[in-house]
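Chain by chain, the residues:
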Amino acid sequence: MRRVRFHAYGGPEVLRVEEAEPPVAGPGELLVRTEAIGVTLPCVRRTHGDGNGGGDPLPAVPGGEIAGTVVAVGPEVTGFAVGDRVTSLTFKGSYAELALAPAFLADRIPDDASAVEAVALVRSGQVALAALSTAAPRDGESVLITGAASATGHLAVQLAKLQGVPRVVAAVSSAAKAEFLYGLGADEVVTYDQDSWGEPADIVLDGVGGALLPRALATVAEGGRLIFFNSGGGTVPAYELLAGSKTVTGLTMRRFTTVHRERYEQHRAQLWELAGAGRLRAAVHAELPLEEAAKAHEIIEARANLGKVVLRP
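Residues numbered from 1 in each chain as written. Predicted model: local features only at pLDDT ≥ 70, side-chain atom pairs only at ≥ 80, totals over all residues. Heavy atoms only, no water.

Looking now at the overall build of the protein chain. Looking only at helices and strands, the protein chain features nine helices and 15 strands. For 313 residues, the compact-globule formula gives about 20 Å, and the C-alpha radius of gyration of the protein chain, at 19 Å, lands near that figure. In the protein chain, which comprises 313 residues, the share counted as buried stands at 55%. Put simply, of all contacts in the protein chain between residues at least 6 apart along the chain, 66% involve residues at least 24 apart. Total accessible area on the protein chain is roughly 12,900 Å²; 50% of this is exposed by carbon and sulfur atoms. Charge separation in the protein chain, taken as the distance between the mean sites of 29 positive and 36 negative side-chain charges, equals 2 Å. (Helix = DSSP H or I, 4+ residues; strand = E, 2+ residues; numbered from the N terminus. Rg over C-alpha atoms; globule rule 2.2 N^0.38 Å. Buried < 20%, exposed > 50% of the residue type's maximum accessible area, 1.4 Å probe, protein only. Contact = heavy atoms within 4.5 Å. Areas by Shrake-Rupley, 256 points an atom, 1.4 Å probe, with all protein chains shown as cover. Lys, Arg positive; Asp, Glu negative; His and termini not counted. Charge placed at Lys NZ, Arg CZ, Asp CG, Glu CD.)

Given below as structure tokens:
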């Protein structure tokens with residue numbers, strides 16, 4: 001099979017297409033012939049060695065989400081069979097024609113949905129819903145979302161409006177993304193370089209981090225909260241928390257899927273229901289062949305994407 005692997009940390013240029021033996025499904029795992037592979041900012045950052053917890057041990061196959069067809073079922077797996085079309089979080093090793101997926105994170109793809117739609121909707125939608133449910137917006141509260149045009153951000157904008165949030169502010173790197181976000185329901189669009197992001201927001205969902213984190217926290221209204229779900233790190237000014245009675249909550253899907261399994265299942269059903277009813281749209285910025293994984297990373301690093309970037313083996 002073909003896979004993409006990197007042997008040293010660096011930019012898109014470190015990604016290499018290789019031939020390799022197929023993996024074997026172990027206990028609790030599915031072996032999936034991939035039809036669509038999601039490209040995420042955390043995956044891109046890990047190739048630089050600067051993701052959450054540092055980079056992957058080298059050499060490494062990047063990736064975190066797939067959609068495709070089950071070709072083998074590992075021991076101790078129930079509820080799935082060879083031939084099932086599934087999508088799943090994988091957390092690593094998905095840039096390949098065959099990839100392993102934890103069965104407890106796998107979800108059947110509806111007959112009327114494509115693999116690309118599935119991989120664009122499920123993982124990013126799960127992150128967006130997890131962030132929103134952690135924030136728990138109350139009546140009348142406003143929400144600001146950084147990285148709002150990203151695969152996760154553009155779904156968070158829509159989901160916040162669907163939950164009745166009266167003011168959703170989309171924060172992005174370029175004003176060229178404004179039309180896209182207004183079309184998804186954003187009430188305001190601001191760019192990172194603006195002197196002001198407008199009135200403070202009760203809730204900030206931060207999918208960018210790094211140098212932007214202090215600015216995001218400063219935008220939180222007094223007594224408000226920031227949900228930090230990015231892989232970019234950053235420093236939280238402690239005085240900002242004290243003076244404004246603000247809170248910051250970290251969110252990782254690896255922990256969320258383990259600790260909040262019931263909510264994860266509820267969110268999965270909710271995403272498919274909303275998408276099937278045409279109320280939630282997963283935008284796909286680009287579909288690229290596996291051999292162009294480096295180009296996919298270039299798009300993400302340039303923050304040029306409007307929605308999801310997908311690899312097709």
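Turning our eyes to something else, we now look at the layout of surface pockets. Volume-wise, the second largest pocket comes out at about 480 Å³. If you trace the second largest pocket, you find 26 residues lining it, with Val61, Thr90, Lys92, Gly93 and Leu100 closest to the centre. For the lining of the second largest pocket, the secondary-structure elements that each account for two or more residues are strand E6 (98-102) and helix H7 (253-259). Per-element tally for the lining of the second largest pocket: the top contributor is E6, with five residues. When grouped by side-chain class, the residues that make up the lining of the second largest pocket number 16 nonpolar, four polar and six charged. (1 Å grid on protein atoms, 1.4 Å probe; cavity = no way out; pocket = protein on both sides within 12 Å on 5 of 7 lines; lining within 4 Å. Points joined across faces, edges and corners; volume = space filled by probe spheres on them. Nonpolar A, V, L, I, M, F, W, Y, C, P; charged D, E, K, R; others polar.)

Cis peptide bonds are those with omega within 30 degrees of zero, and the linkage from Leu58 to Pro59 qualifies with -10 degrees. At Ala136, a residue that is not glycine, the phi angle is positive and equals roughly 50 degrees. Classification of Ala136 by relative accessible area gives partly exposed; the value is 40%.

What follows is about the nonpolar core. Counting residues in each nonpolar core, the largest one holds 54 residues, and the members touching the most others are Ile145, Val157, Leu159, Leu181, Leu205 and Met253. For this core, the secondary structure elements donating two or more residues are helix H2 (115-135), strand E8 (143-146), helix H3 (153-162), strand E9 (168-172), helix H4 (178-182), strand E11 (201-206), H7 and helix H8 (261-276). For this core, the element with the most residues is H2, which contributes 13 residues. Of all hydrophobic cores here, the second largest spans 32 residues; its members include Ile37, Val61, Tyr95 and Ala101. (Core = buried A, V, L, I, M, F, W, Y, C linked by side-chain atoms within 4.5 Å.)

The description of an aromatic ring pair rests on the distance of the ring centres and on the angle between the ring planes. By the definition in use, this model includes two aromatic pairs. Judged by centre distance (6.4 Å) and plane angle (50 degrees), the ring pair of Phe6 and Tyr9 falls under tilted. With a relative accessible area of 0%, Phe6 lands in the buried category. Geometry around Phe91 places Arg254 over its ring, the cationic atom sitting 4.3 Å from the centre. (Phe/Tyr/Trp six-rings, centres within 6.5 Å; stacked < 30°, edge-to-face > 60°. Lys NZ or Arg CZ within 6 Å of the ring centre and 35° of its normal.)

Across the sheet, which stays open at both edges, the six strands sit in the order E10-E9-E8-E11-E12-E13 with parallel pairing between neighbours. Every other strand in the sheet has two partners, leaving strand E10 (188-191) and strand E13 (247-250) as the edge strands with one partner each. Ignoring strand direction, the axes of neighbouring strands in this sheet form an average angle of 20 degrees. Against the sheet, H3 contacts E8, E9 and E11, and its axis sits at roughly 170 degrees relative to E9. (Pairing = 2+ DSSP bridges. Axes fitted to C-alpha atoms, helices over the stretch in contact; angles between N-to-C directions.)

The next thing to look at is the pattern of salt bridges. Under the definition given, this model contains 15 salt bridges. With a shortest N-O distance of 2.9 Å, Glu97 and Arg2 are connected by a salt bridge. In this pair, Glu97 is assigned in the loop between strand E5 (85-89) and E6 and Arg2 in strand E1 (residues 2-6), connecting sequence segments 95 residues apart. A relative accessible area of 17% places Arg2 in the buried class. (Salt bridge = Lys/Arg side-chain N within 4 Å of Asp/Glu carboxyl O.)

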